[in-house]
Amino acid sequence: MSSENLPQSPAQEPRKPRVAVVFGGRSSEHSISVVTAGAVLRAIDREKYDVLPIGITTDGRWALTADEPDRMAIADRTLPSVENLAESTDGGVVLSVDPGNREVVLSEPGSVPKALGEVDVVFPMLHGPYGEDGTLQGLLELSGVPYVGSGVLSSAVGQDKEYMKRVFVSFGLPVGPYEVIRPREWENDPSAARRKIVDFAGEHGWPLFVKPARGGSSMGITKVDDLSGLDEAIEEARRHDPKILVESLLRGREIECGVLEFEDGPRASVPAEIPPVTSHDFYDFEAKYIDSAAGLVPAPLTEEQTAEVRRLAVDAFDAASCEGLVRADFFLLDSGEFVINEINTMPGFTPISMYPRMWQETGVSYPELVDRLIQAALRRPTGLR
């Protein structure tokens, strides 16, 4: 019998790539991560991708969560949490560290572990320590699972503002004056640490900003006008991170710029400007996420200034060996010079976040932005690259 007369099996449709959206986490930015993930879940093309939402509780448990983006938004000034979204309060989701096995398993007490299927790529929507700082990226490297965003080193550099600034200086990028107080300095001799900050203020002037060295979303930051508020500001920063950063006030305009990885390399978006927030002392957490402070997109800059800040944003992306995406934050000083304040390797994707707004204005819609990030991650291997 010829092969053409044999019964033919129906053609099997290729499996859609499976995206695990991981969010929440142990940092003080837990709720903002949930909000961000909700926006991303809403934007992912379900015709193109299968989606598996995985939340990490504030105590570090990985949980299978409901795929319900509407429950992940800020409602009546109340912040969401993974604890309220988890489908079970017991057990957890486990990702294999065997590079040959990308299967995710749900393990619950008294039950046989349940396979949830293989994951092709992880979209880690985590902000702050235990997620954005290279820790999750290291786990995914061990597991051999591709993921959106920067690798271990650049994620760690992007989280630690001290070493971020050191890297930028080594690449010739302009940064503002800063001082670091390490945990041992404050714990062993707070008087000496305090004198170090006062000497810094004597050189650069008051007010100062005291902030966690490895924080984000403007949490734990205090503007200090004189010595009387210093200790309280230090303790507030240390609630988020035992290492603190002290920065001088830079007088100028706050400018942001997004960087996105395309097939031919990173490109910068049109920049945005954060105007002075009259109802807040500075652009703090409440202004960003609760009161919806509006940024100007595009920023009212000259063509030369726009070209310069876009160039500096890509240079910062390259200096820290970033991948996928970055939001670079600058000050445009009264002197006309741009100074880079920091980069965010996983910037916010909330509906009011500046990163997607800048790319929307540049011609990349929110769904296309999410798709490009996933596709870039699928093209990139894990391991040394």
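Sequence order as written defines residue numbering, which begins from 1 separately in each chain. This being a predicted model, a pLDDT of at least 70 is required before a residue's local features are given, and a value of 80 or more before pairs of side-chain atoms are given or counted; all residues contribute to the totals for chains, interfaces and linings. As a rule here, side-chain values cover all heavy atoms of the structure and leave hydrogens and water aside.

Cut-off, in case you're wondering: UniProt positions are given in the numbering used here, feature names are shortened, and annotations may be inferred rather than shown by experiment.
An unreviewed UniProt entry lists the protein under the name D-alanine--D-alanine ligase, with Streptomyces albidochromogenes given as the organism. Regarding the protein, the UniProt comment filed under Catalytic activity (unreviewed entry) reads as follows: "2 D-alanine + ATP = D-alanyl-D-alanine + ADP + phosphate + H(+)". Per UniProt, the protein carries the Function (unreviewed entry) text "Cell wall formation."

## Description of the overall build of the protein
To keep things clear, this is the line we draw: Only DSSP runs of H or I covering at least 4 residues are called helices, and only runs of E covering at least 2 are called strands; the numbering of each starts at the N terminus. Using a 1.4 Å probe on the protein chains alone, a residue whose accessible area is under 20% of its type maximum counts as buried, one over 50% counts as exposed, and one in between counts as partly exposed. Contacts are assigned to residue pairs that have any heavy atoms within 4.5 Å of one another.
The number of helices and strands found in the protein is 11 helices and 16 strands. Principal axes of the C-alpha set define a box for the protein whose edges measure 95 × 55 × 45 Å. Sorting the 385 residues of the protein into buried and exposed places 52% on the buried side. Within the protein, residue pairs in contact and separated by at least 24 positions form 67% of the contacts whose partners lie at least 6 positions apart.

## Remarks on a nonpolar patch on the surface
Defined as follows: Patch definition: residues above 30% relative accessible area lacking any salt bridge, with like charges linked at up to 9 Å and the nonpolar side chains Val, Leu, Ile, Met, Phe, Trp and Tyr linked at up to 5 Å. Here, Shrake-Rupley sampling with a 1.4 Å probe gives the accessible areas, and only protein chains in the shown set may cover a residue. Salt bridges are identified by distance alone: a Lys or Arg side-chain nitrogen within 4 Å of an Asp or Glu carboxyl oxygen.
The grouping of Val198, Trp206 and Leu227 at the surface amounts to a nonpolar patch, some 240 Å² of accessible area in total. Its place among the elements puts Val198 in helix H6 (residues 190-204). Here Val198 falls in the partly exposed class, since its relative accessible area comes to 30%.

## Section: the nonpolar core
Spelled out, the test is: Only buried residues count toward a nonpolar core, which is a set of Ala, Val, Leu, Ile, Met, Phe, Trp, Tyr and Cys residues joined through side-chain atoms within 4.5 Å.
Grouped together as the largest cluster of nonpolar side chains are 33 residues, with contacts concentrated most on Val21, Phe23, Ile44, Phe123, Met125, Phe349 and Ile374. Only strand S1 (18-24), helix H1 (30-43), strand S7 (121-125), strand S12 (252-262), helix H10 (354-362) and helix H11 (366-379) provide two or more residues apiece to this core. Apart from the residues lying within four places of it in its own chain, the contact partners of Ile374 are Val19, Ile44, Tyr49, Val121, Phe123 and Val148.

## Details of the packing of aromatic side chains
Within a pair of aromatic rings, the relevant descriptors are the distance that separates the centres and the angle that separates the planes. The condition that has to hold: Pairing of aromatic side chains requires ring centres within 6.5 Å, counting the rings of Phe and Tyr and the six-membered ring of Trp. Pairs whose planes differ by under 30 degrees are stacked, by over 60 edge-to-face, and all others tilted. The rule for a charge over a ring is simple: NZ of Lys or CZ of Arg within 6 Å of the ring centre, and within 35 degrees of the ring normal.
Applying the stated rule across the entire model yields five aromatic pairs. Both rings, one in Phe330 and one in Phe338, keep their centres 6.2 Å apart while their planes meet at 80°; by these two values the pair is edge-to-face. Classification of Phe330 as buried rests on a relative accessible area of 3%. Geometry around Tyr130 places Arg26 over its ring, the cationic atom sitting 3.9 Å from the centre. Its guanidinium or amino end placed over the ring of Tyr163, Arg166 lies 6.0 Å from that ring's centre, counting from NZ or CZ.

## So, the sheet that holds strand S11 (residues 244-248)
Basically, it comes down to this: Pairs of strands are assigned from DSSP output, requiring at least two bridges between the strands. Angles run from 0 to 180 degrees between N-to-C directions of axes, and those axes are lines fitted to C-alpha atoms, restricted for helices to the stretch in contact.
In spatial order, the strands read S8-S11-S9-S10; together these four strands make up an open sheet with antiparallel pairing. Each edge of the open sheet is held by one strand with a lone partner, namely strand S8 (178-181) and strand S10 (222-224). Each strand of the sheet is rotated relative to its neighbour by a mean of 25°, with strand direction disregarded. Two strands pair when backbone bridges link them, and S8 and S11 are joined in this way by four bridges, in the antiparallel orientation. Directly across from Glu179, in S11, lies its bridge partner Val246. The sheet contacts of helix H7 (residues 230-238) involve strand S9 (208-212), S10 and S11, and relative to S9 the element is tilted by about 25°.

## Here's the deal with the packing of H1 against H11
Going by this rule: The scheme is simple: roughly parallel for angles under 35 degrees, roughly antiparallel for over 145, roughly perpendicular for 65 to 115, oblique for anything else. Charged residues are taken to be Asp, Glu, Lys and Arg, nonpolar residues to be Ala, Val, Leu, Ile, Met, Phe, Trp, Tyr, Cys and Pro, and polar residues to be all remaining types, Gly included.
Contact geometry of H1 with H11 gives a least axis separation of 9 Å together with a crossing angle of 95°. As judged from the angle between their axes, H1 and H11 are roughly perpendicular. Where H1 approaches H11, its residues Ala39, Val40 and Ala43 are matched on the opposing element by Tyr366, Pro367 and Val370. Grouping the amino acids of the contact of H1 with H11 by side-chain chemistry returns six nonpolar, no polar and no charged.

## Focus: the confidence of the model for the protein
Under the convention used in this document: Per residue, pLDDT measures the predictor's confidence, with a range of 0 to 100.
Summary statistics for the protein give a mean pLDDT of 90 and a share of 91% for residues scoring 70 or more. Taken together, the stretch residues 287-292 has pLDDT below 50 and engages in 23 contacts with residues farther than four places along the chain or on a different chain.

## Some details on the side chain of Glu256
With respect to the helices and strands, Glu256 occurs in strand S12. With residues up to four places along the chain from it excluded, the contact list for Glu256 reads Pro271, Ala272, Ile274, Arg327, Ala328, Asp329, Met354 and Met358.

## So, the pattern of salt bridges
It is possible for side chains bearing opposite charge to pair when their charged atoms get close. Using the criterion set out here, one finds 31 salt bridges in the structure. A salt bridge links Lys196 to Glu185; its shortest N-O distance comes to 2.9 Å. Placement of the pair is Lys196 in helix H6 and Glu185 in helix H5 (residues 183-188), with a sequence separation of 11 residues. You can call Lys196 partly exposed: its relative accessible area is 26%.

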